[in-house]
Amino acid sequence: MNLLTLKGWSNEDIINIIDKAIAIKKNPKKYIEVLKGKTLAMLFEKTSTRTRISFEAGMAQLGGHALFLDWKTTQLGKADLKDEIKCIGRYVDIIMARVYKQEAVEVMGEYAGKPVINGLSDKYHPCQIIADLMTIKENFGKLKGLKLAYIGDGNNVCNSLIVGCKKVGMKISVAAPKGYEPLEKPDLLTNDPVKAAAGADVIYTDTWVSMGQEEEKAKRLKVFPPYQVTKKLVGKALFMHCLPAYRGYEVTDEVIDSKQSIVFDQAENRMHAQKAIILKLLGKI
Ligand code: CP
Ligand code: NVA
C-alpha cells in the first residue's frame, strides 16, 4: 500500500488514520520501540521545513531511522528514476518523496517494492491534509457536517483538501481566480471569496506562488490580492494555513496571529499524523 493521493484510500481508511493520529499524539510512549531497525528514506526534489523535520523526528520517536536525501547529492537528478528507486527500495523499509511532478511519485510507487508516501507534488499534498483534518477534529470533536472554505490558488493543497473533506463528510467551497481553479471538484467553486466563506467553520489558504511556479510570481501577485484572507473574511471561523505563509499576501498578520489561527497546531500535527501513516503502511496498526 502507498499514499500517493488521498483518492487511493477509502473513506474508512482516512477516518481511521485521523483517529489513530489523535491516539498516538495522546500516548506517544506506547509506540517508542515499534519501528526499531526500520529505515525511512526521505527524497527531496524541493525544499521543506515541516515535512522533513516532522518525518525525521517522528521516525526517531518510533525507534526507527530516517535518511534525508536530495536530488543534488544523489544520482536521482541524473539517472533513470525507475533504476534509482528500485535500488533505494532494496535498502530501506519505506520511502517518502517530495517531487515536482505527481508522475514521479507514481513511478516510485510502482517500482520501489516498498510503501511510498507523497510528501507533496505539483498536484497533491496528502500528508498535509491528514494532519489538517486531525486538527479540525481536535477543535470541533467531529468532522462530518462541518464546512471548510479554501480561498486562493487551486493548488496541490487545495486539491487534496477537496478529496479529504469529501471523504470525511465535510463540505468544501473554493474561491479561486479564473484560470487558477483546482483539478478536483469542490461542493462550491466560485471567484467570490465572500460567497465561498459564507457559513464556513474553517477558512484555509495557501501561498499564491507554489514551489516550481517562481517564474509566474509577478503575474500571480497581480491576480491574487482580492483573495487575501482578512479579519473580515474570517469572521468567527478558525483560520488554517499549511505554512510557509507569506504574510501580507495570502493572509494578514492580524489573522495569522489571532486566537482563531490554528496554524501551529496544524504544523505540529504533521508529525503525529505521519507516525500514523508510516505505522499503517508498515502494517503495525
Ligand atoms: N506544509 C509543508 O509541507 O511545509 P514544508 O514545505 O516546510 O515541508
Ligand atoms: N502549495 C505550496 C505548499 C507548500 C507546503 C507549494 O507547493 O509550494
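The rules we used
- Position numbers for residues count from 1 along each chain, tracking the sequence in the order it is written.
- Chains and ligands are labelled by the order in which they are written, letters from A for the one and numbers from 1 for the other.
- Given that the model is predicted, a residue must reach a pLDDT of at least 70 before its local features are reported, and side-chain atom pairs must reach 80 or more before they are shown or counted; all residues, however, enter totals for whole chains, interfaces and linings.
- No hydrogens and no water enter the side-chain calculation; it runs on all heavy atoms of the structure.
- Secondary structure counts use DSSP, requiring at least four H or I residues in a row for a helix and at least two E residues in a row for a strand, with both numbered from the N terminus.
- Throughout this description, buried means an accessible area under 20% of the type-specific maximum (1.4 Å probe, protein chains only), exposed means over 50%, and partly exposed covers the range between.
- Whether two strands pair comes down to DSSP finding at least two bridges between them.
- In summary, the pairing rule links any two rings of Phe, Tyr or Trp, Trp by its six-membered ring, whose centres are within 6.5 Å, and it sorts them by plane angle into stacked for under 30 degrees, edge-to-face for over 60 and tilted for everything else.
- Charge-over-ring placement is defined geometrically: NZ (Lys) or CZ (Arg) within 6 Å of the ring centre, and within 35 degrees of the ring normal.
- A fitted line through C-alpha atoms serves as each axis, taken over the contacting stretch for helices, and the angle formed by two N-to-C directions is quoted from 0 to 180°.
- Between 65 and 115 degrees an angle is taken as roughly perpendicular, under 35 as roughly parallel, over 145 as roughly antiparallel, and anywhere else as oblique.
- For any helix crossing, the convention is left-handed if the near helix is rotated counterclockwise from the far helix by under a right angle, and right-handed if that rotation is clockwise.
- Residues are treated as being in contact if the distance between any of their heavy atoms lies within 4.5 Å.
- Following the grouping adopted for this structure description, the nonpolar residues are Ala, Val, Leu, Ile, Met, Phe, Trp, Tyr, Cys and Pro, the charged ones are Asp, Glu, Lys and Arg, and the polar ones are all others, Gly among them.
- Whether a residue is near a molecule or strand depends on its heavy atoms: it is near if one of them lies within 4 Å of it.
- The definition of a polar contact used here is a pair of N or O atoms within 3.5 Å, where within protein one atom must be able to donate a hydrogen and the other to accept one, and adjacent residues in sequence count solely through side-chain atom pairs.
- Here the accessible surface of atoms and residues is derived via Shrake-Rupley with a 1.4 Å probe, and residues count as covered only by protein chains that are part of the display.
- By this rule, a helix spans an expected 1.5 Å times one less than how many residues it contains.

What to know about unusual backbone geometry
Following Leu243, the chain continues to Pro244 via a peptide bond in cis, the omega torsion being 5°. Positive phi outside glycine occurs at Leu120, with the angle close to 120°. Within the fold, Leu120 resides in the loop between strand S4 (116-118) and helix H5 (126-140). By relative accessible area, which is 7% here, Leu120 ends up buried. In this structure, Leu243 takes a positive phi of about 65° despite not being glycine.

Considering the pairing of strand S9 (residues 238-241)
Alternating positions in S9 separate into two faces, Leu238 and Met240 on one and Phe239 and His241 on the other, with burial throughout. Bridge analysis of strand S8 (residues 202-205) against S9 gives 4 bridges, and the strand direction is parallel. Directly across from Ile203, in S9, lies its bridge partner Phe239.

So, the packing of aromatic side chains
Aromatic ring pairs are reported here in terms of the distance separating the ring centres and the angle at which the planes meet. All chains considered together, the criterion is met by 6 aromatic pairs. Relative to Phe224, the ring of Tyr180 has its centre 5.0 Å away and its plane inclined at 65°; by these criteria the two rings are edge-to-face. Of the two residues, Tyr180 sits in the loop between strand S6 (171-175) and strand S7 (188-190) while Phe224 sits in the loop between helix H8 (217-223) and helix H9 (231-234), which places them 44 residues apart along the sequence. Neither residue differs from the other here; Tyr180 and Phe224 are each classed as buried. Positioned above the aromatic ring of Phe68, the side-chain terminus of Arg52 is 3.8 Å from the ring centre.

A few points about the packing of H5 against helix H11 (residues 263-281)
Running from N to C, H5 and H11 point in directions that differ by 115°, and their axes come no closer than 8 Å. Taken together, H5 and H11 sit at an angle that is classed as roughly perpendicular. Read as a crossing pair, H5 and H11 show a hand that is right-handed. Contacts from Cys127, Gln128, Ile130, Ala131, Asp132, Met134, Thr135 and Glu138 of H5 reach H11 at Asp265, Gln266, Asn269, Arg270, His272, Ala273, Gln274 and Ile277. Among the residues making up the contact of H5 with H11, the classes are represented as 6 nonpolar, 6 polar and 4 charged.

Quick look at the site of ligand 1
Around ligand 1 sit Ser48, Thr49, Arg50, Thr51, Arg98, His125, Gln128, Cys242, Leu243 and Arg270, and that is every residue in its neighbourhood. One of the backbone N or O atoms of Thr49 is found 2.7 Å from an oxygen atom in ligand 1. His125 is positioned such that a nitrogen or oxygen atom in its side chain is 2.9 Å from an oxygen atom of ligand 1. Here ligand 1 has 260 Å² of accessible area as a free molecule, and 96% of this is covered by the chains.

Let's talk about the site of ligand 2
All residues adjacent to ligand 2 are Leu120, Asn155, Asn156, Asp206, Thr207, Ser210, Met211 and Leu243. A distance of 2.6 Å separates a nitrogen atom of ligand 2 from a polar atom in the side chain of Asp206. Ser210 is positioned such that a nitrogen or oxygen atom in its side chain is 2.7 Å from a nitrogen atom of ligand 2. Bound to the protein, ligand 2 loses 95% of the 270 Å² it would expose on its own. Broken down by class, the residue content of the shell around ligand 2 amounts to 3 nonpolar, 4 polar and 1 charged.

Thoughts on H11
Over its 19 residues, H11 extends 27 Å from the first C-alpha to the last, a length consistent with the 27 Å expected when each residue adds 1.5 Å. Taking burial as the measure, the 19 residues of H11 include 15 buried ones, the bulk of the element.

So, the sheet that holds S8
Spatial strand order, S7-S6-S5-S8-S9: 5 strands in an open sheet with parallel pairing. Looking along the sheet, the strands with just one partner apiece sit at the ends: S7 and S9. Strand-to-strand twist of the sheet, defined as the mean angle between neighbouring strand axes without regard to direction, takes the value 20°. Docked against the sheet, H5 engages strand S5 (147-151), S8 and S9, running at close to 165° with respect to S9.

Quick look at the sheet that holds strand S3 (residues 94-98)
Strand order in the open sheet formed by 4 strands is S2-S1-S3-S4, and the pairing between neighbours is parallel. Two strands in the sheet have a free side with no partner beyond their single neighbour: strand S2 (65-70) and S4. On average, each strand axis in the sheet is tilted by 20° relative to the strand beside it, whichever way the strands run. Of the strand pairs in this sheet, strand S1 (residues 39-44) and S3 are connected by 5 bridges, and their pairing is parallel.

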